[in-house]
Amino acid sequence: MTQSFAGHGASRGLALGRARVRLPHALEIGEQHVPAAQVEAEAARLQAALEAARAEMRTLREKLQGALSRDAIEFIDLHALLLDDPELVQALDGLIRQERYSAGYALRVQRDRLAAVFESMDDPYLKARLDDLDHIIGRVNAHLHRREPLPRGTAGEILVCENVAPSEIAQLQAQGVVAIVSAAGSPLSHSAILARSLHLPLVVGAAEALARINDGDVVMVDGDSGRVVVDPDAAELHDYRAREQQEARERRDLERLRSKPTRTRDGIDIAVYANAESREDVARAHALGAAGVGLYRTEFLFLQSEQLPDEEEQFLAYRDAVLAMPGRPVTFRTLDLGADKADRAGLALANEDNPALGVRGVRLSLLYDRVFDTQLRAIVRASAYGPVRVLVPMVACREELVIVRRRLARAVASVRRHGVAVEPPPLGAMIEVPAAAIGVHGLADAVDFLSVGTNDLVQYLLAVDRNNDALGDLYSPLHPGVLRLLAHVIGAGVQHGVPVAVCGEMAGDVRLAPLLLALGLREFSLHPANLLELRRAIRDCDLAALQAGAPKLLQARDRRAIERWLAAATQT
Ligand code: PEP
Ligand code: MG
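Residues numbered from 1 in each chain as written. Chains lettered and ligands numbered in written order. Predicted model: local features only at pLDDT ≥ 70, side-chain atom pairs only at ≥ 80, totals over all residues. Heavy atoms only, no water.

Describing the sheet that holds strand β1 (residues 3-6)
Taking strand neighbours across the sheet as the criterion, the eight strands line up as β1-β8-β7-β3-β4-β5-β6-β2 in an open arrangement whose pairing is mixed. Looking along the sheet, the strands with just one partner apiece sit at the ends: β1 and β2 (8-11). Neighbouring strand axes in the sheet, compared pairwise and without regard to direction, differ in orientation by 30° on average. Docked against the sheet, helix α7 (residues 190-197) engages β2 and β6 (202-204), running at close to 60° with respect to β2. Helix α9 (residues 234-255) contacts β3 (14-22), β7 (218-222) and β8 (227-230) of the sheet and is inclined by roughly 125° relative to β3. (Pairing = 2+ DSSP bridges. Helix = DSSP H or I, 4+ residues; strand = E, 2+ residues; numbered from the N terminus. Axes fitted to C-alpha atoms, helices over the stretch in contact; angles between N-to-C directions. Contact = heavy atoms within 4.5 Å.)

Re unusual backbone geometry
Even without being glycine, R100 reaches a positive phi, approximately 60°. With respect to the helices, strands and loops of the structure, R100 is situated in the loop between α3 (86-99) and α4 (103-119). Despite not being glycine, D231 shows a phi value in the positive range, around 55°. Within the secondary structure, D231 sits in the loop between β8 and α9.

A closer look at the nonpolar core
Taken as a class, soluble globular proteins show a tendency for nonpolar side chains to be buried jointly. In terms of nonpolar packing, the biggest core is built from 128 residues, with I180, F302, F332, I431, L515 and F524 touching the most fellow members. Sort the elements by how many residues they give to this core and helix α19 (residues 480-496) lands first, with eight residues. Core analysis: the second largest hydrophobic core is formed by 31 residues, A49, V89, Y105 and L130 among them. (Core = buried A, V, L, I, M, F, W, Y, C linked by side-chain atoms within 4.5 Å. Buried < 20%, exposed > 50% of the residue type's maximum accessible area, 1.4 Å probe, protein only.)

As for the domain arrangement of the protein chain
By domain assignment, the protein chain separates into domain 1 (26-144) and domain 2 (263-571). Each of domain 1 and domain 2 has a C-alpha centre, and the two are 38 Å apart. (Domains from an automatic or database assignment.)

Side note on the packing of aromatic side chains
Under the definition given, this model contains five aromatic pairs. Ring centres 4.7 Å apart and planes at 80° place the aromatic pair Y101 and Y105 in the edge-to-face group. Each member of the pair Y101 and Y105 is classed as buried. Here a set of aromatic residues connected by ring pairs shows up, and it is made of Y296, Y318 and F332. Taking NZ or CZ as reference, R389 lies 5.8 Å from the ring centre of Y273, over its face. One residue, R389, lies across the ring of F449, its end atom 3.8 Å from the ring centre. (Phe/Tyr/Trp six-rings, centres within 6.5 Å; stacked < 30°, edge-to-face > 60°. Lys NZ or Arg CZ within 6 Å of the ring centre and 35° of its normal.)

A few points about the site of ligand 1
With respect to spatial proximity, 17 residues lie near ligand 1, and among them R297, R333, E432, G453 and N455 are the closest. One nitrogen or oxygen atom from the main chain of N455 is found 2.8 Å from an oxygen atom belonging to ligand 1. The side chain of D456 places a nitrogen or oxygen atom 3.0 Å from an oxygen atom of ligand 1. Looking at which element gives the most residues to the shell around ligand 1, the answer is helix α18 (residues 454-462), with three residues. Within the shell around ligand 1, the residues separate by chemical class into four nonpolar, five polar and eight charged. (Near = heavy atom within 4 Å. Polar contact = N/O pair within 3.5 Å; in protein donor to acceptor, adjacent residues only side chain to side chain. Nonpolar A, V, L, I, M, F, W, Y, C, P; charged D, E, K, R; others polar.)

Right under this line is the structure:
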């Protein structure tokens, strides 16, 4: 019988296919036994996962030899030791052989036993080793489960799961998955951003998904509205076909805008840049008339492979992106790993108590000297092929920019020594940390441009996790505090003659274009999927009228007042 329920549309597009259900495999699994005949195979599976985790640590150490601070090396060595600890290894094997526990459950039981010992210790240093234990248990558990390939035959299927990691998205699409429905997750997550980039319809926060959908059910997914239909009847299928046709017509209408300028009704030109994660995105953005790339998320390259991309591989990727946007700037954001973006090579630290406030963005780059210098050299080399800019993520203070500028100058000098004539690329800072936004006057003369990452800025400003769906509407850029801070940053840019763009998802929300224009924004950077729609919305705006309404907008006391302002602005 047809049934439907809703999640949040996180990546646009319609899809129809059979469901492939992937059940969660968190460490908090309940007691699980294996049949006697499977004990040997289960023990071997655990050994393989332990060995894979050890190999991972070895490779990481080798690859980064010399690039790490001593603390980081000690951290890796300690984890490698724990992985070899006979107490852990033999106890796990015993639990599987004697108790016939599944490998996952054995991991949990042994973790809890050791945790109880650590917790009972008085020595704070030993107590703190519990984090290390959790780190390595987490790695082994990941090898037990996360890397399990999807069963064969997923082509044309819709993956239904608890959650999906950014590093899985491209692989799933390559396997032919046509859409994803996840019970958890949020439209602001990096998985969602990547899904949008790959045009893979995604519905997140569909809490009922795992309870309502069975393997093999026919499912219809609407990545715009977040609606999921199980076992659609004839009427639903008819609507689906009609929607498909209507979308094709709308796309054709929008195509006409490609070669038209992005100019408001009263004649002011607005720069619309694209966000990109790959050369394909860049080429698409170019075809849609983007002014350039305002944000190229370089970490995508790092998320896909278990090996760190070397200088040559990065250079080729960056060069091709530059070539795909002839004559227009491509803004490479330096590595922004950490928080919810864990790479497969293991650079991002695991098990931080508070990863969103931890070693992420520029902090991670400054921890791994060699990785950062390699990336800067690759970007600088690419600048020989066209205009390039360098954008630094998660900047909290001026000192970080001063160091990065010095390192960038060194990269330029090193590339020149190899006979390539290059100039230092313009350097910009992402404004994502509230203190950087409030203190933007102190950063302005250390940069050539600024780009506001509203995804993170909103989460830090409102203390609302961008990935936590349970917080629902609390995550909203339509908060008076957010708007005032944006106006402050944009105003500081004007005062110091430093261009300011917004490159968070807020810039890609076409409904908000009048609001951002009223706040003084003249540069947008958004995913190519909405680029033409945004250009159409801007062409419908009267900038002078919007600016006249800005004081009222900034006086709004709550979200409803802002929405009323927006509704009125859209009608004029
Ligand atoms: C942002 O935070 O707004 C941003 C553009 O960066 P990311 O989404 O990659 O964190
Ligand atoms: Mg960010």
